[in-house]
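Per-entry structural report
For reference, the chains in residue letters:
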Amino acid sequence: MEDEPIVFVLSGKRKSGKDFVAKKLKEILGNDNCFIITLSGPLKYEYAREHELDFDRLLDSTDYKERYRVDMIHWGEKKRSKEPDYFCKKATKIAMKHFNGNASDSNRELKCGKISSCRRKVWIVSDARRTSDLSYFQQNFKSTITVRIIATDEVRACRGWVFKEGVDDAESECGLDKENFDLIIENNDSEEKLEQSLKIMVFPLVESTE
């Protein structure tokens with residue numbers, strides 16, 4: 001693909017701060033250089049459509065999403081058992097349309113992929129959860145960098161994390177525990193340290209895209 005993007009694929013446990021890190025990374029790189037892709041967006045969109053639920057409420061952090069989380073995980077697993085990269089393909093399809101300057105998609109489809117605007121140089125996948133997610137981007141985009149976001153259980157608990165059976169012991173949370181990553185980013189209680197780590201991580205990239 002011409003002008004193929006550099007793809008950062010982020011993963012981490014619940015409340016490790018994946019979305020926060022993705023936004024910080026985007027701030028460092030600049031809005032004109034990158035955008036954020038979520039794999040959970042297409043999943044929630046398809047799940048909401050099939051079960052006649054409020055898609056917008058599934059995107060936020062309210063009890064509404066938690067009410068359906070376990071069933072949504074099982075539903076997603078059934079989809080992936082038939083096609084492991086099903087949701088990766090959905091998210092990439094949305095991103096590719098905008099990467100190529102096609103802005104004809106509906107607002108709900110854009111929201112599904114969390115795409116902010118078109119023709120960026122960097123994609124940030126904010127929520128990889130399985131080896132098939134990593135493999136998909138590594139096999140389809142030669143400039144793929146895998147990133148693991150880590151935080152202590154104490155810090156995660158302060159952010160609202162409580163162990164939930166059927167969620168925190170499921171593949172969606174544990175599928176990448178033994179994976180080797182290109183980069184490890186610590187996201188505990190120091191935002192300044194986080195920013196420094198991210199700047200060190202992306203400095204060569206910023207230089208190459210200026």
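Here the structure is shown first, and the text comes after it.
Residues numbered from 1 in each chain as written. Predicted model: local features only at pLDDT ≥ 70, side-chain atom pairs only at ≥ 80, totals over all residues. Heavy atoms only, no water.

What follows covers the pairing of strand S4 (residues 144-150). Most of S4 is tucked away: five of the seven residues are buried. Summarising the sheet, strand S1 (residues 6-12) and S4 pair through six bridges and their orientation is parallel. Looking at S4, one finds that Phe8 is bridged to Ile145. Where S4 meets strand S5 (residues 183-186), four bridges bridge the pair, whose relative direction is parallel. Among the inter-strand pairings, Arg148 is bridged to a residue of S5, identified as Ile184. (Buried < 20%, exposed > 50% of the residue type's maximum accessible area, 1.4 Å probe, protein only. Helix = DSSP H or I, 4+ residues; strand = E, 2+ residues; numbered from the N terminus. Pairing = 2+ DSSP bridges.)

If you walk through the whole model with that rule in mind, you get 15 salt bridges. A salt bridge links Lys24 to Glu191, with the nearest nitrogen and oxygen atoms 2.7 Å apart. Separated by 167 residues along the polypeptide, Lys24 in helix H1 (residues 18-29) and Glu191 in helix H10 (residues 191-209) bring together distant segments of the chain. A relative accessible area of 9% places Lys24 in the buried class. Shared partners join several salt bridges into a network, and the residues in it are Lys24, Glu27, Glu191 and Glu195. (Salt bridge = Lys/Arg side-chain N within 4 Å of Asp/Glu carboxyl O.)

With parallel pairing, the five strands of this open sheet are ordered in space as S2-S3-S1-S4-S5. Because the sheet does not close on itself, it has two edges, and the strands there are strand S2 (34-37) and S5. Within this sheet the neighbouring strands show an average axis-to-axis angle of 25°, counted without direction. Running at roughly 150° to S4, helix H7 (residues 131-140) makes contact with S1, strand S3 (122-128) and S4 of the sheet. (Axes fitted to C-alpha atoms, helices over the stretch in contact; angles between N-to-C directions. Contact = heavy atoms within 4.5 Å.)

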